[in-house]
Amino acid sequence: MPLYVALSQEMQNLDHYVMETLGLPPEVLMERAGLGVAEKTFQYFPPKDFPKVLVLCGPGNNGGDGFVCARHLSERGYQVEVLFFSEEEKYSQEAKKYLDILKAIRVPLQKISLFEEFETFFKSFQPNLIIDALFGTGLKRPLKGLYQEVVLSLNSFKSLYNFKIVSIDIPSGISSDNGQVLGAGVLADLTVTFECYKAGHLIYPGKEYSGIIEVIPIGYPWKFLKNNASEILPKRIYLDEEVASLLFRPRRGFFHKGKAGYVLILAGSQGKSGAGYLTALGALKAGAGLVTLASIKSLQPIYCSMLPEALTLGLPEKEKEVSEEAIPLILEALRRKKSLVIGPGFGLGEGARKVLFELLEKIELPLVLDADALTLLSKEPSILKKYPSSKVITPHPGEAARLLKTETLEVLRDPLKALEELIELTGAVVILKGPHSLIGSPTGEIFISSIDEPGMSQGGMGDVLSGMLGAFLAQGYSALEAAALAVFIHGMAGKYLRETLGPFGFTAKDLGETIPKILKILEKKGWKEENSLGI
């Protein structure tokens, strides 16, 4: 069963359904949540190394989880102190029940109303470990007053007193929907979350605040929910090796290059010849049977020597870029092709613009648009909505901002929102590239990549991805399948290179040549004729 990535409202809907419709008692869920946090805390920060634990319990059910966690940590040999920040009568019935149990078993408790009380206690106790149970996924407003002061002091005390922080569900002060800091955010070393990832765990800056993320079960009947209440399931799937292996199709029986598909690539111009090469490399390494790299005539000797496995097509040029005179040649070359990739190093001149827009009007086959093609489209992106066949666009945040007529910072502030706007604008499957790249479809499916590799921050990586997309489309994958599979394999290749070569310094060429190694990993996982993702 794949992991989901949920928004705050989706988690509230799930909680309500599981408790109210299915009848799972809320105190059972709270007990399992608190116990699970305690077990992960024990695993990462054992009492022999972190003997003194301070549990900070906020006013909601996140605080109730903290009460349960405190009891179990006390039983496991930690010296536990609990500070709570709400009037006792304001806690929910189940949270109050677990607060009363702490009183009964004489775990030390103190109500905090002023920051000075917290500061005095903290400096006196000097904990080795903090359990952050102040606020969970329901937080919508910025922290202020006492809570903001406490969170800011924790972050400033951390280096001075050398303690670790475990956050329950999500670091307090981090939006679970977009990872933004709401007033102040706890800098956790470990976040233990329940049942599924939250979007704020995977989107910066929330990713940095979350530390290591552990997802634990607390009793949701996912199999039942998928079969009987699919309308309340989160809309985003965590794209990991398990999911990618369900999408991947190993080759069986009689196979030849015709079955593997034929890709045409329009890429490269003077000064950007490497973009064409890397795109073709990505397509070949991802398994395309044949690849033709169509670019300006003056680059043909370069491409023939760099990548002899690729076919080439020389195009008329003007001012070091493709000329509109190339259009008839391209249309002729597209016969029998299974996919078309346009954009990497393609050029931004008038000739390139005319070629792109006329092709969009005259052709009908699976299409990948990247880089210069997206910049050319940014003046009239809605034209893409009329394109009659499947299409994938691959903007990074800057290109996304140009398409949406906004600022890059706005895209980064809420990338899920930007993804949905791009899909609505273009009607395409969209890959919004970045850490934990987002993939979305006009039919509503969204994948969030499990991979965040800073070492891939180098020119040419996106060109390889575009070639991979062309290859998977040519092999018969749907646009969404191709996008999800290409993003995962691309990211895994980066991860492999980090682990085998070094944290950075590997190139896009290195990454392209690593693709078959990742295909081998997925092949070993096998493939089901009807995958369980239902896409």
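This is a predicted model, so every value here is computed, not measured.

## Brief notes about the overall build of the protein
Link 1 in the chain: For the protein, the count of helices and strands is 21 helices and 21 strands.
Link 2 in the chain: Taking 24 Å as the expected radius of gyration for a compact globule of 535 residues, we find that the protein reaches 26 Å, a close match to that expectation.
Link 3 in the chain: A principal-axis box enclosing the C-alpha atoms of the protein has dimensions of 85 × 45 × 40 Å.
Link 4 in the chain: In the protein, which comprises 535 residues, the proportion classed as buried is 58%.

## Some details on the packing of aromatic side chains
Link 1 in the chain: Inspection of every chain in the model, using the stated rule, returns 17 aromatic pairs.
Link 2 in the chain: Seen in terms of ring centroids, Phe121 and Phe125 are 5.8 Å apart; in terms of plane orientation they differ by 40°. Their pairing is tilted. Pair noted here: Phe121 and Phe125 are both in helix α5 (residues 115-125), with a separation of four residues, about one helical turn.
Link 3 in the chain: Judged by centre distance (5.5 Å) and plane angle (80°), the rings of Phe122 and Tyr161 are edge-to-face. Of this pair, Phe122 sits in helix α5 while Tyr161 sits in helix α6 (residues 145-161), and the two are 39 residues apart along the sequence.
Link 4 in the chain: With a relative accessible area of 0%, Phe122 lands in the buried category.
Link 5 in the chain: Under the relative-accessibility criterion, Tyr161 is labelled partly exposed at 23%.
Link 6 in the chain: It is Arg249 that lies over the ring of Tyr477; its NZ or CZ is 4.3 Å from the centre.

## As for the packing of helix α2 (residues 26-44) against helix α3 (residues 61-75)
Link 1 in the chain: Where α2 meets α3, the closest approach of the two axes is 7 Å, and the angle between their N-to-C directions is 55°. Accordingly, the angle class assigned to the pair α2 and α3 is oblique. Relative to α3, the crossing made by α2 is right-handed. Residues Met30, Glu31, Ala33, Gly34, Leu35, Val37, Ala38 and Thr41 of α2 form the contact with α3, whose participating residues are Asn61, Gly64, Asp65, Val68, Cys69, Arg71, His72 and Leu73.
Link 2 in the chain: For the contact of α2 with α3, the class distribution of residues is eight nonpolar, five polar and three charged.

## Some thoughts on the pairing of strand β10 (residues 236-239)
Link 1 in the chain: The alternating pattern of β10 places Arg236 and Tyr238 on one face and Ile237 and Leu239 on the opposite face, and all of these are buried.
Link 2 in the chain: Sheet topology places strand β1 (residues 4-6) next to β10; two bridges connect them, and they run antiparallel. Counterpart to Tyr4 in the pairing with β10 is Ile237.
Link 3 in the chain: Here β10 pairs with strand β21 (residues 446-449) via four bridges, running parallel. Counted as the bridge partner of Tyr238 is Ile448 from β21.

## Some remarks on the side chain of Asn62
Link 1 in the chain: Mapped onto the elements, Asn62 comes out in helix α3.
Link 2 in the chain: Not counting the four nearest positions on each side in its chain, Asn62 is found in contact with Asp132, Ala133, Leu134, Phe135, Gly136, Ile168 and Asp169.

## Description of the pattern of salt bridges
Link 1 in the chain: Counting across every chain of the model gives 23 salt bridges.
Link 2 in the chain: Residue Glu214 pairs with Lys40 through a salt bridge whose shortest N-O separation is 3.5 Å. Highlighted residues: Glu214 in strand β9 (residues 212-216) and Lys40 in helix α2, separated in sequence by 174 residues. Residue Glu214 shares its accessibility class with Lys40, and that shared class is buried.

## Focus: the environment of Glu242
Link 1 in the chain: Tracing the sequence through the fold places Glu242 in helix α10 (residues 241-247).
Link 2 in the chain: Of the residues examined, Glu242 reaches a relative accessible area of 33% and is grouped as partly exposed.
Link 3 in the chain: Considering only alpha carbons, one finds Glu242 and Gly502, 260 residues apart in sequence, at a separation of 25 Å.
Link 4 in the chain: If we skip the residues at most four places from it in the chain, Glu242 touches Met1 and Pro2.

## Structural notes on the packing of helix α16 (residues 397-404) against helix α18 (residues 415-426)
Link 1 in the chain: The contact between α16 and α18 brings their axes to 10 Å, and the two run at 50°. When the axes of α16 and α18 are compared, the pair comes out oblique. Considering how the two elements wind past one another, α16 and α18 form a crossing that is left-handed. Between α16 and α18, the contacting residues are Ala400, Leu403 and Leu404 on the first element and Ala418, Glu421, Leu422 and Leu425 on the second.

## What to know about the sheet that holds strand β18 (residues 391-393)
Link 1 in the chain: One open sheet accounts for 12 strands, arranged β8-β1-β10-β21-β20-β19-β18-β17-β16-β11-β12-β13; its pairing is mixed. If you trace the sheet from one side to the other, it starts and ends with β8 (197-198) and β13 (311-315), each paired once.
Link 2 in the chain: As judged from the five bridges shared by strand β12 (residues 290-296) and β13, these two strands associate in the parallel manner. The partner of Leu293 across the bridge, within β13, is Thr312.

## A look at unusual backbone geometry
Link 1 in the chain: Omega for the peptide link from Tyr204 to Pro205 comes to 5°, which places this bond in the cis form.
Link 2 in the chain: Structurally, the position occupied by Pro205 is in the loop between α7 (199-202) and α8 (206-210).
Link 3 in the chain: Unusually for a residue other than glycine, Asn162 sits at a positive phi of about 55°.
Link 4 in the chain: In this fold, Asn162 is placed in the loop between α6 and β6 (164-168).
Link 5 in the chain: Look at Arg336: it is not a glycine, yet its phi comes out positive at around 70°.
Link 6 in the chain: Mapping Arg336 onto the fold places it in the loop between α13 (327-333) and β16 (339-342).
Link 7 in the chain: Look at Arg336 and you get exposed, because its relative accessible area is 70%.

Definitions and cut-offs
Residues numbered from 1 in each chain as written. Predicted model: local features only at pLDDT ≥ 70, side-chain atom pairs only at ≥ 80, totals over all residues. Heavy atoms only, no water. Helix = DSSP H or I, 4+ residues; strand = E, 2+ residues; numbered from the N terminus. Rg over C-alpha atoms; globule rule 2.2 N^0.38 Å. Buried < 20%, exposed > 50% of the residue type's maximum accessible area, 1.4 Å probe, protein only. Phe/Tyr/Trp six-rings, centres within 6.5 Å; stacked < 30°, edge-to-face > 60°. Lys NZ or Arg CZ within 6 Å of the ring centre and 35° of its normal. Axes fitted to C-alpha atoms, helices over the stretch in contact; angles between N-to-C directions. Parallel < 35°, antiparallel > 145°, perpendicular 65-115°, else oblique. Left-handed = near helix turned anticlockwise from the far one by under 90°. Contact = heavy atoms within 4.5 Å. Nonpolar A, V, L, I, M, F, W, Y, C, P; charged D, E, K, R; others polar. Pairing = 2+ DSSP bridges. Salt bridge = Lys/Arg side-chain N within 4 Å of Asp/Glu carboxyl O.

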